[in-house]
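Coordinate analysis (summary)
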2 protein chains.
Amino acid sequence: MARYLARIDIMLKVLVKDPQGLTVVDGLKTLGFDGIDDVRVGKHIEVTLDAGDQAAAERAVTEMCDKLLANPVIEDFTFELAEVAAAEA
Amino acid sequence: MARYLARIDIMLKVLVKDPQGLTVVDGLKTLGFDGIDDVRVGKHIEVTLDAGDQAAAERAVTEMCDKLLANPVIEDFTFELAEVAAAEA
């Protein structure tokens, strides 16, 4: 078993309107920021998990996203996986 | 002017309890996932902006995080910046 850190980004699909992002654009413009073209707001989830190998960890994280973390109807997810040192001595 | 995409991750500071993350851990365990050690839930924000150069874009994004996007009391932010092709012809 090894320990892995999955850094998952979950964003609304490109064709789905993002009202939270539009609100942030307005807020930034009100604060005086120029040159803002677009803002999209999504979730960043970091999952630390134990798995037999990198491939098993990848399968587990994909399944977590499919079953719980992302809404497949309106969201896409991507993730990076890296082996990390286990915390226990 | 060039166009940049900033991919910003905003997470609760390590010492701040993350109730949303704990809820996700419970949900994953209920779904039968083993070996989950920890989950932290944060925000992922993608800002597309025009700036004179990479350094100016970096300054602008840092200021956006400080002033609006992140709560400096309980959150830390990190971002990656990449030049992208402008959309207009």
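The notes below deal with the structure included here. Predicted, not measured: the structure shown is a model, and the values here were computed from it.

Some points on the interface of chain A and chain B
Chain A puts 31 residues into the contact, and the matching count from chain B is 31 residues. In total, about 2600 Å² of surface goes out of reach between chain A and chain B, with carbon and sulfur atoms giving 64% of it. Between Asp9(A) and Arg7(B) there is a salt bridge, and its shortest N-O distance comes to 3.4 Å. In this structure, the connection of chain A to chain B is made through 16 residue pairs in polar contact (both at pLDDT 80 or more). For the side of chain A that touches chain B, the secondary-structure elements that each account for two or more residues are strand E1 (2–12), helix H1 (19–30), strand E2 (36–51) and helix H2 (54–69) of chain A. With 15 residues, the single largest contributor to the side of chain A that touches chain B is E2(A). Class assignment of the residues belonging to the side of chain A that touches chain B gives a composition of 15 nonpolar, five polar and eleven charged.

Structural notes on the environment of Thr48(B)
Position of Thr48(B) among the secondary structure elements: in strand E2 (residues 36–51). Take Thr48(B): its relative accessible area is 14%, and that puts it in the buried class. The spatial distance from the C-alpha of Thr48(B) to the C-alpha of Lys13(B) is 25 Å, given a sequence separation of 35 residues. Leaving out residues up to four positions away in the same chain, Thr48(B) has contacts with Gly35(A), Ile36(A), Asp37(A), Asp38(A), Arg3(B), Tyr4(B) and Leu5(B).

Conventions and cut-offs
Residues numbered from 1 in each chain as written. Chains lettered and ligands numbered in written order. Predicted model: local features only at pLDDT ≥ 70, side-chain atom pairs only at ≥ 80, totals over all residues. Heavy atoms only, no water. Contact = heavy atoms within 4.5 Å. Buried area = accessible area lost by both parts, 1.4 Å probe. Salt bridge = Lys/Arg side-chain N within 4 Å of Asp/Glu carboxyl O. Polar contact = N/O pair within 3.5 Å; in protein donor to acceptor, adjacent residues only side chain to side chain. Helix = DSSP H or I, 4+ residues; strand = E, 2+ residues; numbered from the N terminus. Nonpolar A, V, L, I, M, F, W, Y, C, P; charged D, E, K, R; others polar. Buried < 20%, exposed > 50% of the residue type's maximum accessible area, 1.4 Å probe, protein only.

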